[in-house]
Protein chains: 2
Amino acid sequence: MDPSIDCCQYKEGIVAVATSSPTVVPTSPAQVDACCPAPLQDTALGEAEAVDLARRFAALSDPVRLRLLSLLATAADGAICVCDLVEPVGKSQPTVSHHLKVLREAGLVTSEKRGTNVWYAAVPAALEALRDVLAPRR
Amino acid sequence: MDPSIDCCQYKEGIVAVATSSPTVVPTSPAQVDACCPAPLQDTALGEAEAVDLARRFAALSDPVRLRLLSLLATAADGAICVCDLVEPVGKSQPTVSHHLKVLREAGLVTSEKRGTNVWYAAVPAALEALRDVLAPRR
DNA sequence: CGAGTTCATCGACGTGCGTCGATGCGTGTG
DNA sequence: CACACGCATCGACGCACGTCGATGAACTCG
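**A few points about the protein's contact with DNA strand D**
Piece 1. Not every one of the 23 residues close to DNA strand D is listed here, only the nearest: Cys83, Ser97 and Tyr120 of chain A together with Arg65 and His99 of chain B.
Piece 2. The contact atoms of DNA strand D, taken as those within 4 Å of the protein, divide so that sugar and phosphate hold 74%.
Piece 3. Separating a phosphate oxygen of DNA strand D from a backbone N or O atom of Val118 of chain A is a distance of 3.4 Å.
Piece 4. Listed by contribution, the elements that provide at least two residues to the surface near DNA strand D are α5 (93-105) and β3 (117-122) of chain A together with α3 (63-73) and α5 (93-105) of chain B.
Piece 5. Among the residues forming the surface near DNA strand D, the class breakdown is 8 nonpolar, 10 polar and 5 charged.

**Some words on helix α2 (residues 47-58) of chain B**
Piece 1. In this model α2 of chain B runs 16 Å from its N-terminal to its C-terminal C-alpha over 12 residues, within 8% of the 16 Å that 1.5 Å per residue would give.
Piece 2. Buried within α2 of chain B are the following residues: Ala50, Asp52, Leu53, Ala54, Arg56 and Phe57 of chain B.

**A word on the protein's contact with DNA strand C**
Piece 1. In the region of DNA strand C, 23 residues are neighbours, and Arg65 and His99 of chain A together with Cys83, Ser97 and Tyr120 of chain B sit closest.
Piece 2. Counting only the atoms of DNA strand C within 4 Å of the protein, the fraction contributed by sugar and phosphate is 72%.
Piece 3. Measuring from a phosphate oxygen of DNA strand C, one finds a backbone N or O atom of Cys83 of chain B at 2.7 Å.
Piece 4. Broken down by secondary-structure element, the contributors of at least two residues to the surface near DNA strand C are α3 (63-73) and α5 of chain A together with α5 and β3 (117-122) of chain B.
Piece 5. Split into classes, the residues belonging to the surface near DNA strand C amount to 8 nonpolar, 10 polar and 5 charged.

**Examining the sheet that holds strand β1 (residues 80-81) of chain A**
Within a beta sheet, neighbouring strands are joined by backbone hydrogen bonds and run either parallel or antiparallel to one another.
All names here are of chain A.
Piece 1. Pairing is antiparallel across the open sheet formed by 3 strands, whose spatial order is β1-β3-β2. In this open sheet, the two edge strands, each paired with only one partner strand, are β1 and β2 (109-114).
Piece 2. For β1 and β3, the ladder comprises 2 bridges, and the chain directions are antiparallel. Across the sheet, residue Cys81 finds its bridge partner in β3, namely Trp119.
Piece 3. Relative to β3, α3 is tilted by about 90°, and along the sheet it contacts β1, β2 and β3.

**Here we look at the state of the cysteines**
Residue and element names in this part refer to chain A.
Piece 1. For the coordinates displayed, the defined rule picks out 2 disulfides over all chains.
Piece 2. The side chain of Cys81 participates in a disulfide bridge whose partner is Cys83; the two sulfur atoms lie 2.4 Å from each other. On the S-S bond that ties Cys81 to Cys83, the torsion sits near -60°, and the link is left-handed.
Piece 3. Classification of Cys83 as partly exposed rests on a relative accessible area of 49%.

**Let's talk about the confidence of the model for chain A**
Residues and elements named next belong to chain A.
Piece 1. Averaged over all residues, the pLDDT of chain A equals 79, while 72% of them reach at least 70.
Piece 2. In the model of chain A, helix α1 (residues 12-18) stands out as the element of lowest mean pLDDT, 34, in contrast to α5, which has the highest, 98.
Piece 3. Note that pLDDT drops below 50 for residues 1-34; the model gives that stretch 29 contacts with residues more than four away or on any other chain.

Rules of the game
Residues numbered from 1 in each chain as written. Chains lettered and ligands numbered in written order. Predicted model: local features only at pLDDT ≥ 70, side-chain atom pairs only at ≥ 80, totals over all residues. Heavy atoms only, no water. Near = heavy atom within 4 Å. Polar contact = N/O pair within 3.5 Å; in protein donor to acceptor, adjacent residues only side chain to side chain. Helix = DSSP H or I, 4+ residues; strand = E, 2+ residues; numbered from the N terminus. Nonpolar A, V, L, I, M, F, W, Y, C, P; charged D, E, K, R; others polar. Expected span 1.5 Å × (residues − 1). Buried < 20%, exposed > 50% of the residue type's maximum accessible area, 1.4 Å probe, protein only. Pairing = 2+ DSSP bridges. Contact = heavy atoms within 4.5 Å. Axes fitted to C-alpha atoms, helices over the stretch in contact; angles between N-to-C directions. Disulfide = S-S within 2.5 Å. pLDDT = per-residue confidence, 0-100.

Below is the structure:
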């Protein structure tokens, strides 16, 4: 993977919002290559933008991933370790790990290793970016 | 079919548009148990809600469908016939028809037959409903 | 009525995805 | 140091999805 994404200017919003949640674990320098969204109802999507957007929406197109993301987004302390995610979604540990990887590669969550465990946290700015794509016409 | 409409406005929009044309293809084949979106960052998603949401996000997980939806959402007169959608996306007519069906069954677009042609239009309220799911925590 | 147009459906093919058991790697613990 | 634990990766399987040519249904026009 590691596609050379050059669609638009980068993650200024993500960094800015990330600093607004102090209790969230300082995420590892994993690069969140979240491209800025194109306004869906304003101008027609180009092919490259459509491919990028489709990839991010695809991360939300699975019930297990949506539940995982919801669990992370509603976590009291902002992060949950994998061992505490397996039971709630009712899937095997490899399956949960796979879905978390998909979410991470889509920039929707971040992971941080603390000792034996790995803690995942949602990235609110990434959801906000996708939200802007669905914004109504100005 | 035709259960009581007690959900969100996005469904009303579909019904309203659907009833305006008698020969319209039925938008959804009698399902939609949990239509109203749950706030993703407020409470943890249940399994049924997750399945329903995943189905709608899946409609946005394909580049061709995103471009079709964008074309419809930015249409000057609010609707485009199929014959004018085939060339812009660069796919065969059956493929375009297939993607439009997926979008229609997800409630994101509506179709109306006018003479020989079939005109598709975006449902802004459906996009707004999905947008609410991605809303930040209150 | 017959020819032409528009769109949906069908059948088929190749690919990708979700899933799980088995395995490997890194990290604490006795 | 040996063992247990947590998580990622691998390999494999089954199924769903995207795609297109061919066909069919509905409509228009001459």
